[in-house]
Amino acid sequence: MITFSYMKKNAGRSAMALGVLSLSLFAAGCQGADAASSALSHEIQSPVERGQYLVTVAGCGDCHTPFKMGANGPEPDMSRMLSGHPASMAMPPAPAAQGPWIWSGAATNTAFAGPWGVTYAPNLTPDKETGLGMWTEDQFLRAMRTGKHWGQPENRPILPPMPWQNYARMNADDLKAIYAYLRSVPSVENLAPSAALAPPPATAVPAASR
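About the cut-offs
Residues numbered from 1 in each chain as written. Predicted model: local features only at pLDDT ≥ 70, side-chain atom pairs only at ≥ 80, totals over all residues. Heavy atoms only, no water. Pairing = 2+ DSSP bridges. Helix = DSSP H or I, 4+ residues; strand = E, 2+ residues; numbered from the N terminus. Phe/Tyr/Trp six-rings, centres within 6.5 Å; stacked < 30°, edge-to-face > 60°. Buried < 20%, exposed > 50% of the residue type's maximum accessible area, 1.4 Å probe, protein only. Axes fitted to C-alpha atoms, helices over the stretch in contact; angles between N-to-C directions. Parallel < 35°, antiparallel > 145°, perpendicular 65-115°, else oblique. Contact = heavy atoms within 4.5 Å. Nonpolar A, V, L, I, M, F, W, Y, C, P; charged D, E, K, R; others polar.

Draft legend 1. Highlighting the sheet that holds strand β4 (residues 111–114). An order of β3-β4-β5-β6 is seen for the 4 strands of this open sheet, with the pairing classed as antiparallel. On the outer flanks of this sheet lie β3 (104–105) and β6 (196–197), each paired with one strand and no other.

What follows is the structure, encoded as structure tokens:
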């Protein structure tokens, strides 16, 4: 027969075992949290790594790295990573917009035409003559915040397809991290063409003034 004292003794052992198991799980959880915290701390301590992550997930290379034809179709030309539209690639006049097709893009995915005119992806590498090497961090942040070319209020707007409105919502640390990463990539000398703005639409003249 199972006595009360036997049940009490085994209940104590079960409670002890459960307590040990709970402490083990707690310790494992703490170790996992410490590892995650360490990884986060490492990420915060390395602006260049943070910037690389942001540039990758934001798809900056989709427009600023020229595409070339590879064995399986178009692919980024990583020897010209983030160097913008190739200066050696002269573009013919953009095709006329027809119907719902109101914009077009080059095979390199670095030149675009639309109602705004023709735009070319600029060089984001740290080349001091043709790229971001001539930009200060403050200039870069002002350009992303205001959507103005070179970050100057009197300059033209940053034109499509550059989604500067999205980047304007980033915090200052993230924008600085992007700048830090772009200053760390291999420098490529390549002066992308300047944008060609479309003429402003004609304004209808009121009948009374004709």
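Draft legend 2. Just the packing of aromatic side chains, in detail. Under the defined criterion, the tally for this structure stands at 3 aromatic pairs. Aromatic pair W103 and F112: ring centres 6.2 Å apart, planes at 40°, arrangement tilted. Aromatic pair F140 and Y179: ring centres 5.7 Å apart, planes at 45°, arrangement tilted. Of the two residues, F140 is situated in helix α4 (residues 137–146) and Y179 in helix α6 (residues 172–182); the sequence distance between them amounts to 39 residues. No difference in accessibility class separates F140 from Y179, as the two residues are buried.

Draft legend 3. Examining the pairing of β4 more closely. For β3 and β4, the ladder comprises 2 bridges, and the chain directions are antiparallel. Bridge pairing in β4 links G105 to F112. Two strands pair when backbone bridges link them, and β4 and strand β5 (residues 117–120) are joined in this way by 4 bridges, in the antiparallel orientation. Residue pairing in the sheet places A113 in a bridge with V118 of β5. Turn length for the β4-β5 hairpin, with the two strands adjacent in sequence and antiparallel, is 2 residues.

Draft legend 4. Representation of the packing of helix α2 (residues 47–57) against α6 in the model. The N-to-C vectors of α2 and α6 enclose an angle of 95°; their axes lie 7 Å apart at closest approach. One element, α2, and the other, α6, form an angle in the roughly perpendicular class. Here α2 contributes P47, V48, R50, G51, Q52, L54 and V55 to the contact with α6, which in turn contributes D174, A177, I178, A180, Y181 and L182. Of the residues in the contact of α2 with α6, the class split is 9 nonpolar, 2 polar and 2 charged.

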